Amino acid sequence: MIVDPRFAGTSAFAAAARDAKAPILHSHGDLATLWYGVLREASSGSLMGLTGYADMVVALGIAAEMRGTIRLCMSHQTGDERAAHRVSIGPAAQADVLEAAGEQWPQALWTMMSTHTNAPIDSRLRERDREKRKGVLWSWAIA
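Residues numbered from 1 in each chain as written. Predicted model: local features only at pLDDT ≥ 70, side-chain atom pairs only at ≥ 80, totals over all residues. Heavy atoms only, no water.

**Section: the overall build of the protein chain**
- Broken down by element type, the protein chain carries five helices and six strands.
- The 143 residues of the protein chain split such that 46% are buried.
- In the protein chain, the share of contacts with a sequence separation of at least 24, taken over all contacts with a separation of at least 6, comes to 69%.
- Surface exposure of the protein chain reaches about 7100 Å², of which carbon and sulfur atoms provide 52%. (Helix = DSSP H or I, 4+ residues; strand = E, 2+ residues; numbered from the N terminus. Buried < 20%, exposed > 50% of the residue type's maximum accessible area, 1.4 Å probe, protein only. Contact = heavy atoms within 4.5 Å. Areas by Shrake-Rupley, 256 points an atom, 1.4 Å probe, with all protein chains shown as cover.)

**Regarding the sheet that holds strand β4 (residues 70-77)**
- Taken together, the six strands give an open sheet; going across it, the order is β2-β1-β3-β6-β4-β5, and neighbouring strands pair in mixed fashion. Of all strands in the sheet, those bounded by a partner on one side alone are β2 (25-26) and β5 (84-89).
- Bridge count between β4 and β5: five bridges; the pairing is antiparallel. Across the sheet, residue Met74 finds its bridge partner in β5, namely Val87.
- Contacts between helix α4 (residues 93-101) and the sheet are confined to β4 and β5, with β5 contributing the most and set at about 160° to the helix. (Pairing = 2+ DSSP bridges. Axes fitted to C-alpha atoms, helices over the stretch in contact; angles between N-to-C directions.)

**Some thoughts on the pairing of β4**
- Across the eight residues of β4, six count as buried, placing the element largely inside the fold.
- For β4 and strand β6 (residues 136-142), the ladder comprises seven bridges, and the chain directions are antiparallel. Bridging across to β6, Cys73 finds its partner in Trp140.
- The antiparallel hairpin formed by β4 and β5 contains six residues in its connecting segment, where Gly79 sits at a positive phi of about 115°.

**Details of the pairing of β6**
- In terms of burial, β6 is a largely internal element, six of the seven residues being buried.
- Examined bridge by bridge, strand β3 (residues 47-51) and β6 share five bridges and lie antiparallel to one another. Its bridge partner being in β6, Leu47 is matched across the sheet by Ile142.

**A look at the side chain of His76**
- Positionally, His76 belongs in strand β4.
- Residue classification places His76 among the buried residues on the basis of a relative accessible area of 0%.

**Things to note about unusual backbone geometry**
- In the Ramachandran plot, Lys21 falls in the positive-phi region, its phi being about 65° despite a non-glycine side chain.
- With respect to the helices, strands and loops of the structure, Lys21 is situated in the loop between α1 (8-19) and β2.
- The exposure class assigned to Lys21 is exposed, which follows from its relative accessible area of 71%.
- Notably, Arg67 is not glycine yet its phi reads approximately 60°, a positive angle.
- By the secondary structure assignment, Arg67 is in the loop between α3 (53-66) and β4.

Quick look at the structure:
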């Protein structure tokens, strides 16, 4: 599982993944460097994450390089009283589930994505990297 800890919504998502003993890798907005470093060699053929837009675009390139398919792509607009969710790839009903979850949407997203957890690397979330940004997050999964 790859997250960008600079965004507020990823903290609860990463905590849910960590509680389930899923390994977490933090992109800090630079998934390309991770992919061309330790992640590429450790990848087992599937990846997923909750990141910013740039990392999601890099994930699309990784999927093409791996000859994989994107099985999920959603945007999560945060910063208002309620987050808004939109499905680009995947079942449209997933956005309704996240809407119904309210502030618990990161945990609900983890639950939806967790049946395919294969992230290979564990890294600890550094407190100094948590800027708690608001904005649009993207969840994605490569099969």
